[in-house]
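Below, each chain spelled out in residue letters.
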Amino acid sequence: MTRPKSVSLREVGPRDGLQSEAPVETDAKVQLIEKLSATGLRRIEAVSFVHPKAIPQMADADEVWKRVRPVEGVRYSALAPNARGVSRALDHGFREIEVVVSASEKHNQSNLRRSVAESLAEFPPLLQQAHAANASVEVIVATSFGCPYAGDTDPAAVASIIEQLVDQGVDRVAFGDTTGMATPYRVQALLDAVKPVSKELPVLLHFHNTRGTALANILTALDYGVTEFDAAVGGLGGCPYAPGASGNVATEEVVHMLHDMGIDTGVDLDKLLEVAQFAQEMVGKELPSGVLKAGPRTRLSAL
């Protein structure tokens, strides 16, 4: 079995992570993004341009991004739920934009207040808007592995969505394990289903560690040749529209495992752990990262 020699991680703590935490100060968000930018991470999901009534934690997105000092070589992305959000992202200089649709009708109604078909119908003008500004669009397919309201997600239903997205001309696609319902078996089933229809579309996987399977799921995806993953420093976050959606897989846990396997991420683990400690102090509670608690396996204790 040949596994990839390197993996690209997108840090989602500043957006996906913080949107489920109690609101934190704007300055702290700016510091978090800038500290993450200094760890060797090359992709960071920075903000979400959503209505403040929907996600109050992202109400200061414009101000956060105005204050951030971007680092050359780091790709920053923003989530935008509609044309207004895309316009705001483009106006702030973002050229990597994420939009969302759920594989579950019930979750899509809860999250976006519309059907899956209605969400898909909204994407072509958003794509045109972004492409006209030389920006790329990634569609995140939430609840790709299961929905807290509807149960298991049929991989064929996800494949059908991907087939439509390919026809629309999306640039990238991500599969979201919104409430941590994925297992290695279900990762295999999904990737088997979507591979024939995804063609050359870049694929990213987004796992939550709600039930302790995130690292096993990443390992399974690696064996399928997937090399792009989301993670959140300290294991921040969840989903405000999905009951029980505890934190994302911790970035430092993913880096720790991959480096021990000889797979390069470009990330300095020691620096990343310092940021994880900062994130823990920022939100004022203990974060779930095991590597943050125990340190790397190479860290020895005195007798």
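Residues numbered from 1 in each chain as written. Predicted model: local features only at pLDDT ≥ 70, side-chain atom pairs only at ≥ 80, totals over all residues. Heavy atoms only, no water.

**With respect to unusual backbone geometry**
Going by this rule: Helix numbers and strand numbers start at the N terminus; a helix is a DSSP run of H or I with at least 4 residues, a strand a run of E with at least 2.
Even without being glycine, Arg113 reaches a positive phi, approximately 60°. Considering the arrangement of structural elements, one finds Arg113 in the loop between helix H5 (105-112) and helix H6 (116-132). Of note, Asn134 is a non-glycine position whose phi angle comes to about 60°, a positive value. Looking at the secondary structure, you find Asn134 in the loop between H6 and strand E5 (136-142).

**Thoughts on the nonpolar core**
Put simply, the rule is: Side-chain atoms within 4.5 Å link the members of a nonpolar core, which is a set of buried Ala, Val, Leu, Ile, Met, Phe, Trp, Tyr and Cys residues. Relative accessibility thresholds used throughout: buried, under 20% of the residue-type maximum; exposed, over 50%; partly exposed, between the two (1.4 Å probe, protein chains only). Residues are treated as being in contact if the distance between any of their heavy atoms lies within 4.5 Å.
In this structure, Val141, Leu165, Phe175 and Phe229 are the most contacted members of the largest nonpolar core, which totals 98 residues. Sorting elements by how many residues they give to this core places helix H11 (residues 269-283) first, with 9 residues. Aside from chain neighbours lying at most four places away, what touches Leu165 is Leu120, Phe123, Val139, Val141, Val170 and Val173.

**Quick notes on the packing of aromatic side chains**
Convention followed: Any pair of Phe, Tyr and Trp rings, taking the six-membered ring for Trp, is counted once the centres come within 6.5 Å. Such a pair is stacked with planes under 30 degrees apart, edge-to-face with planes over 60 apart, and tilted for the rest. The rule for a charge over a ring is simple: NZ of Lys or CZ of Arg within 6 Å of the ring centre, and within 35 degrees of the ring normal.
In total, this model carries 4 aromatic pairs according to the counting rule given. Where Phe49 meets Phe94, the ring centres are 5.9 Å apart and the plane angle is 70°; that geometry is what we call edge-to-face. Taken as a pair, Phe49 in the loop between strand E2 (43-48) and helix H3 (61-67) and Phe94 in the loop between helix H4 (83-91) and strand E4 (96-102) lie far apart in primary sequence, 45 residues in all. Residue Phe94 is classed as buried on the basis of its relative accessible area of 2%. Following the ring pairs from residue to residue traces out a cluster consisting of Phe49, Trp65, Tyr76 and Phe94. If you follow Lys35 out to its NZ or CZ, it ends over the ring of Phe278, 5.1 Å from the centre.

**Here we look at H4**
Going by this rule: Counted as a polar contact is a pair of N or O atoms within 3.5 Å, where, for protein atoms, one must be capable of donating a hydrogen and the other of accepting one, and residues adjacent in sequence contribute only when both atoms are in side chains.
Every buried residue of H4 is listed here: Gly85, Val86, Arg88, Ala89 and Leu90. At the N-terminal end of H4, a side-chain oxygen is found 3.3 Å from the backbone nitrogen of Arg84, two or three residues along, and the residue is Asn82. One or two steps after H4, the chain reaches Gly93, where phi turns positive at roughly 95°.

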